[in-house]
Amino acid sequence: MFIQVIEKPERKAIIKRGSKAEGYWDYCEEVGCDVCGILTSMKSLCGEPVCLWLPEKYRKANTSKYVQGVEVTIDYDGEIPEGFDIIELPKAKYLMFQGEPFKEDYCEAIETVQRLMEKYDPSIIGYSWDEENPRIQLEPIGTRGYIEMKAIKKL
């Protein structure tokens, strides 16, 4: 497991909301798979789509905690695809958890990283979890390993 503190700038996220989804599979059942094609065609800050677990303050009534989208610059004023929303996210620090590369079993790779994240205590490096910012998931790509990011704040 590789763990690194990273800083995300103030930014916007163009997102597609679900209705009840708490994770990837629920989201795909609700929204469908064509969202990914739309997102990969859009230019994003980190070069790829993101999946987010939104804190309550970013959710609309009767929408899901889990969404997919792209992060764009704070001054973005381009097109928003039909059925998508745009939210503003503040500058924030994150702990990035990256698992080992994997060949086939991406479910096991995801579960391993998530189990270790649950056990990790950020106070050992002078931080606490920041529940005011979204948790971020990147696509599980075998050659780089699974990556998830959780917001942190100074103690």
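Everything in this summary refers to the structure shown in the same document. Every value quoted in this text rests on a predicted model; they were computed, and no experiment measured them. (Residues numbered from 1 in each chain as written. Predicted model: local features only at pLDDT ≥ 70, side-chain atom pairs only at ≥ 80, totals over all residues. Heavy atoms only, no water.)

1. Let's talk about the pattern of salt bridges
Point 1. Scanning the entire structure with this criterion turns up 9 salt bridges.
Point 2. In this structure, Glu56 engages Arg59 in a salt bridge whose closest nitrogen and oxygen atoms are separated by 3.5 Å.
Point 3. Across the pair Glu132 and Lys57 runs a salt bridge whose closest N-O atoms are separated by 3.4 Å. With Glu132 in the loop between strand S7 (127-129) and strand S8 (135-137) and Lys57 in the loop between strand S3 (50-53) and strand S4 (66-73), this residue pair connects regions lying 75 residues apart in the sequence.
Point 4. Given the relative accessible area of 52%, Lys57 is considered exposed.
Point 5. Linked by salt bridges that have partners in common, Lys8, Arg11 and Glu71 make up one network. (Salt bridge = Lys/Arg side-chain N within 4 Å of Asp/Glu carboxyl O. Helix = DSSP H or I, 4+ residues; strand = E, 2+ residues; numbered from the N terminus. Buried < 20%, exposed > 50% of the residue type's maximum accessible area, 1.4 Å probe, protein only.)

2. A word on the environment of Cys28
Point 1. Mapped onto the fold, Cys28 is located in helix H1 (residues 24-31).
Point 2. Separated by 39 residues in the primary sequence, Cys28 and Val67 place their C-alpha atoms 9.9 Å from one another.

3. Some remarks on the side chain of Thr63
Point 1. The topology assignment puts Thr63 in the loop between S3 and S4.
Point 2. Only 2.6 Å separates the side chain of Thr63 from the backbone oxygen of Lys60, close enough to count as a polar contact.
Point 3. If sequence neighbours within four positions are ignored, Thr63 has contacts with Arg17, Gly18 and Ser19. (Polar contact = N/O pair within 3.5 Å; in protein donor to acceptor, adjacent residues only side chain to side chain. Contact = heavy atoms within 4.5 Å.)

4. A few points about helix H3 (residues 106-119)
Point 1. The end-to-end C-alpha distance of H3 is 20 Å, a good match for the 20 Å that 14 residues give at a rise of 1.5 Å each.
Point 2. Within H3, burial applies to Ala109, Ile110, Val113 and Met117. When H3 is viewed along its axis, its buried side chains cluster within an angular range of 95° and face the same direction. Of the exposed residues in H3, the ones pointing more than 90 degrees away from its buried face are Glu118 and Lys119. (Expected span 1.5 Å × (residues − 1). Arc of directions from axis to C-beta.)

5. Considerations on unusual backbone geometry
Point 1. One non-glycine residue, Asn62, adopts positive backbone phi at about 60°.
Point 2. Residue classification places Asn62 among the exposed positions, given a relative accessible area of 71%.

6. Topic: the packing of aromatic side chains
Point 1. Counting across every chain of the model gives 5 aromatic pairs.
Point 2. Aromatic side chains Tyr27 and Tyr66 sit 5.7 Å apart centroid to centroid with 65° between the ring planes, which places their arrangement in the edge-to-face category. Placement of Tyr27 in helix H1 and of Tyr66 in strand S4 is noted, with a sequence separation of 39 residues between them. Across this residue pair, the class does not change: Tyr27 and Tyr66 are buried.
Point 3. Ring centres 5.7 Å apart and planes at 80° place the aromatic pair Phe97 and Tyr120 in the edge-to-face group. Note that Phe97 is positioned in strand S6 (residues 92-98) and Tyr120 in the loop between H3 and S7, a separation of 23 residues in sequence.
Point 4. Residue Tyr120 is classed as buried on the basis of its relative accessible area, which comes to 18%.
Point 5. An aromatic cluster of at least three residues, connected via ring pairs, comprises Tyr27, Trp53 and Tyr66.
Point 6. Over the face of the ring belonging to Trp53 we find Arg135, whose NZ or CZ atom lies 3.7 Å from the ring centre.
Point 7. The side chain of Lys150 reaches across the aromatic face of Trp129, ending 4.4 Å from its centre. (Phe/Tyr/Trp six-rings, centres within 6.5 Å; stacked < 30°, edge-to-face > 60°. Lys NZ or Arg CZ within 6 Å of the ring centre and 35° of its normal.)

7. Quick word on the environment of Asp77
Point 1. Along the polypeptide, Asp77 turns up in the loop between S4 and strand S5 (85-89).
Point 2. Overall, the relative accessible area of 73% leaves Asp77 in the exposed class.
Point 3. Sequence spacing of Asp77 and Gly145 is 68 residues, and the spatial spacing of their C-alpha atoms is 33 Å.

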